[in-house]
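Notes for the structure review
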Amino acid sequence: MSFELLGEAIIAGVLLGCFYAAVSVGLSVAFGLLDVPQIAHPAFLVLGAYGAYYLGGFGVDPLLAGVLLTPVFFLAGLAVYRFYHATFESRGTDAGLRGLAFFFGIAFIVEVALILIFGVDQRSVEAAYIGKSISLGDVRLPMRMLVAVGVALVLTAGLMLYLSRTFTGRAIKAVAQDQTALALMGADPVRIKQWAFGIATGTCALAGALLIIVAPVEPGLGRLYIGRTFCVAVLAGLGSMPGTLAAGVILGIAESIVLTSLGASWAPAVAFGLLLLVLAVRPAGLFGR
Amino acid sequence: MQAVSRRKWISRLGALGVTAGLALGGFFPASAHAQHPIRIGLSIAQTGPLSSGGKSGLVALEIWRDDVNARGGLLGRPVELVVYDDQGNPSMTPGIYTKLLDIDKVDLLVAPYGTNPSAPIIPLVKQRDLLLIGNFALDVNSQIRHDKYFNNQPWASAKDGAAPYLALCRKLGAKTIAILAADAEFAQNIAGGIRAGLKDYDLQPVYDQNYPPNTVEFSSMIRAIRAKKPDAVFVASYPSDSTAIIRSVNEIGIGDNVMLFGGGMVGLQYASIMESLGSMLNGVVNYHTWAPEKSMDFPGIRDFLSRYQPRAKQANADSLGFYLPPFDYAIGQILAQAVTATGSLDHKVLAKYLREHEIKTIVGSIRYGPTGEWANPRMIYVQFRGIADKNLDQFRGAGKQVIVAPDAFKTGEVIPFSQSRN
């Protein structure tokens, strides 16, 4: 592989990695900080994508649609967590497996609902930045992937600031460390976790809009992202926002280089091999607590 | 004594009644049997990656069923379809077809739509010596060679499918080729056909990669292909990959040296994908089964499409129906002709008929070869030309999907990819 091609592969990998980070950041909160087995996270991403598609029918830009749908997804996240907590989390130590089944069920319900409402065909959106590219010298960069970089930076930076600079954000990090201590300090851990889960679900609106910007979606697309999003969240170090961005970029670059040179068939093996290697050396993940 | 006698008479009368009933039932078997429908079992993707084709194929089969039943059914019996959703997933079809046979006890079988879900059930039907009508499965019987398998798709083998594309390469003077194929049955089969023919057509492979089916971004591979400067690029991909690849090519370019791009991209035949890609399709040369060109005006095809399209809209299925639906309707016609001509549902009898006779369908006359494939394959390659964005209706008429190969159906000469993009 020539040096020029390697350079292009790295740039493409950074863009791809930012996309992976953007779609994984909500899971880093739900699974990383709250220990909720949110296997339905990719399904919510697809739901967000279809939300952007639906609003796109009224002429709304997909990114704007994602922003508009964020409060709706936040409220849905509050409701889902409240039900999950009442039904599973509060009922003992073996609730984890049942909780996993619960979120699997939600994922299937979302998928089937989308099939019934929108059908099985691929859906896509239109925007000025889709289908075009900008040139940096000899390298052409798809604009939709540059949008992914922007969204990833906004989401990770926004969450990082929220978690470190606001009272509720610090409470969310505290509940991840020691719920009992937080309770002793007068905060209700359940309400904090519910709020955090709402935020995690809220990010799925914007990340979902990004999903349909990057590529057309169909109802079953979430299944392709289960492995990737959990890989990024775990590689990052559970609950770390900067780690999520770094992990996404590392995964994207590894995948891009392998797709370009070694043989595309090896891409999944390299990505997950990297995860295993990092966990073997640093079990808490790259930026883990 | 009196009570015993009464019981004896009652039991004798009862036995007489049962005997009379059985006798009458035996005397009129046809009338009881006539109400029992002929059950045709199949699985077809109604969700999952192949669902866009699968749903449209199912609509076509339902139209055929309704047509047949409106004419009194087959052998005086109504036809019933027993359908399951296999999600396009090969791991589901053996279980589904076992259920169709052992629990649903269907009379006849149609294979799943697509190569991947069909391949696992060939050993099952071979073991049980059953008739199976194939549904767009490429090369699934080439090794097992089940003698009761009759595929309905217009190409006999991967080599036949690849030949027109390779002939186009020769026509354009291409010397080098890049091959990009998904790691799945159909894509590998058709890419294998290309690889097998390279020597015969003096083509040097400069890039040959398989990619995993869950790949979401193709720009890295497109860049790698561009760096190799091939004259032709053959892609064997599935619907979501096909869309991503076309978009990547449009965004980052494939190089001005490329004279031929496309080949085995599933999805570029679906209405929704053609509409969403729009002008990005211009210049792409891709396989198809039917296009609204003059050379494809088989008897009955236009009438079928005029009935299919409104029904597809209701069912949220492919609104054009050019790809799979005519062939799935033809599957019904194949079964109907064989059953009617032989007066039988015996699989051996039906298979013999299909092997020895020409079948008239809306996709033309079909004769089968020794492996159950079409004796005269006619997969076409179309070149997209003059496609505008956001306009589905443009695809209904001639001139947008110009047939460039094979010669028997050609409606225009192939234009080099880079030239036709302007």
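Please read all numbers here as calculations on a predicted model, not as lab measurements.

1. Regarding the overall build of chain A
Per the secondary structure count, chain A includes 11 helices and two strands. Reading the secondary structure of chain A in the N-to-C direction produces α-α-α-α-β-β-α-α-α-α-α-α-α. Rg of the C-alpha trace for chain A: 19 Å, near the compact-globule value of 19 Å for 289 residues, within the 12% margin. Once the C-alpha set of chain A is aligned to its principal axes, its extents read approximately 60 × 50 × 35 Å. Residues counted as buried form 52% of the 289 residues belonging to chain A.

2. As for the sheet that holds strand β6 (residues 176-182) of chain B
Residues and elements named next belong to chain B. Taken together, seven strands build an open sheet; the order of strands is β7-β6-β8-β9-β10-β13-β14 and the sheet is mixed. Edge positions in the open sheet fall to β7 (204-211) and β14 (401-405), since each of these has one partner strand only. When the angles between neighbouring strand axes are averaged without regard to direction, this sheet yields 25°. In this sheet, strand β9 (residues 260-265) lies alongside strand β8 (residues 232-237) in parallel orientation, the contact comprising six bridges. Opposite A236, over in β9, you have G264 as the bridge partner. Across the sheet, helix α9 (residues 219-228) lies against β6, β7 and β8, angled at about 175° from β7, the strand it touches most.

3. With respect to the domain arrangement of chain B
All names here are of chain B. If you check the domain split of chain B, you get domain 1 (37-156 + 298-366) and domain 2 (158-296 + 379-420). Domain 1 and domain 2 are separated by 28 Å when their C-alpha centres are compared. With 21 residues of domain 1 in contact, the opposing surface of domain 2 contributes 25 residues. Secondary structure elements with two or more residues in the side of domain 1 that touches domain 2: α3 (51-70), α5 (115-118) and α13 (325-342).

4. With respect to the interface of chain A and chain B
Contacts between the two partners involve 30 residues from chain A and, on the opposite side, 34 residues from chain B. Contributing elements (two or more residues each) for the side of chain A that touches chain B: α1 (3-33), β2 (139-142), α10 (241-262) and α11 (267-281) of chain A. If one sorts the elements of the side of chain A that touches chain B by residue count, α1 of chain A sits on top with five residues. Of the residues belonging to the side of chain A that touches chain B, the class tally is 14 nonpolar, 11 polar and five charged.

5. What to know about the packing of α1 of chain A against helix α5 (residues 143-165) of chain A
Residues and elements named next belong to chain A. With their axes 8 Å apart at the nearest point, α1 and α5 run at an angle of 35° to one another. Judged by the sense of rotation from one axis to the other, the crossing of α1 with α5 is left-handed. Within the contact between the two elements, α1 uses L15, C18, F19, A21, A22, V25 and V29 and α5 uses M145, L146, A148, V149, V151, A152, L155, T156 and L159. Tallied by class, residues from the contact of α1 with α5 come to 15 nonpolar, one polar and no charged.

6. Comments concerning helix α2 (residues 41-56) of chain A
Along its 16 residues, α2 of chain A runs 22 Å from first to last C-alpha, staying within 8% of the 22 Å computed at 1.5 Å per residue. The buried fraction of α2 of chain A amounts to 14 of the 16 residues, a majority that puts the element mostly inside the structure.

7. Describing the pairing of strand β1 (residues 38-43) of chain B
Residues and elements named next belong to chain B. Within β1, five of the six residues are buried, which leaves it mostly tucked inside the rest of the structure. With six bridges connecting them, β1 and strand β2 (residues 79-84) associate as parallel partners. When the bridges of β2 are listed, L42 appears paired with V83. The handedness of the β1 to β2 crossover, carried by α3, is right-handed. Pairing between β1 and strand β3 (residues 108-113): two bridges, direction parallel. Of the residues in β3, the one forming a bridge with G41 is L109.

8. Digging into unusual backbone geometry
Residues apart from glycine generally show negative phi values, whereas peptide bonds are mostly found in trans. Geometrically, the link from A405 of chain B to P406 of chain B is a cis peptide bond, its omega value of -5° lying close to zero. For P406 of chain B, the position within the fold is in the loop between β14 and α15 (417-420). Despite not being glycine, D35 of chain A has its phi angle at roughly 60°, a positive value. Considering the arrangement of structural elements, one finds D35 of chain A in the loop between α1 and α2.

9. Side note on the sheet that holds strand β5 (residues 149-152) of chain B
All names here are of chain B. Strands sit in the order β2-β1-β3-β4-β5 across an open sheet of five strands; the sheet is parallel. Looking at the sheet topology across the chains shown, the edges are occupied by β2 and β5. Each neighbouring strand pair of the sheet contributes to a mean axis angle of 20°, computed without reference to strand direction.

10. Notes on α5 of chain A
Under the 1.5 Å per step criterion, the end-to-end length of α5 of chain A is 32 Å for 23 residues, consistent within 8% with the ideal 33 Å. Every buried residue of α5 of chain A is listed here: R144, M145, V147, A148, V151, A152, L155, T156, L159 and L163 of chain A.

11. Overview of the environment of G262 of chain B
Residue and element names in this part refer to chain B. You can see G262 is positioned in strand β9. Overall, G262 belongs to the buried group, with 28 C-beta atoms counted inside 10 Å. G262 sits 76 residues away from A338 along the chain, and the two C-alpha atoms are 37 Å apart. Excluding anything up to four places from it in sequence, G262 contacts V235, V284, V285 and N286.

12. What to know about the environment of I63 of chain B
All names here are of chain B. Examined against the element boundaries, I63 turns out to sit in helix α3. Of the residues examined, I63 has 19 C-beta atoms within 10 Å and is grouped as partly exposed. Filtering out sequence-adjacent residues up to four positions away, I63 remains in contact with R307, Y308, R311 and Y329.

13. Some words on the nonpolar core
The biggest cluster of nonpolar side chains holds 234 residues, and the ones touching the most others in it are F19, A22, A148 and L210 of chain A. When we break this core down by domain, the ones giving at least three residues each are domain 1 (37-156 + 298-366) and domain 2 (158-296 + 379-420) of chain B. In this structure, A22 of chain A is in contact with A148, V151, A152, L155, A207 and L210 of chain A, ignoring residues within four places of it in sequence.

What counts and how
- Residues numbered from 1 in each chain as written.
- Chains lettered and ligands numbered in written order.
- Predicted model: local features only at pLDDT ≥ 70, side-chain atom pairs only at ≥ 80, totals over all residues.
- Helix = DSSP H or I, 4+ residues; strand = E, 2+ residues; numbered from the N terminus.
- Rg over C-alpha atoms; globule rule 2.2 N^0.38 Å.
- Buried ≥ 20, exposed ≤ 12 C-beta atoms within 10 Å, placed from the backbone.
- Pairing = 2+ DSSP bridges.
- Axes fitted to C-alpha atoms, helices over the stretch in contact; angles between N-to-C directions.
- Contact = placed C-beta atoms within 7 Å.
- Domains from an automatic or database assignment.
- Nonpolar A, V, L, I, M, F, W, Y, C, P; charged D, E, K, R; others polar.
- Left-handed = near helix turned anticlockwise from the far one by under 90°.
- Expected span 1.5 Å × (residues − 1).
- Right-handed = clockwise from strand over helix to strand, strands pointing away.
- Core = buried A, V, L, I, M, F, W, Y, C linked by C-beta atoms within 7 Å.

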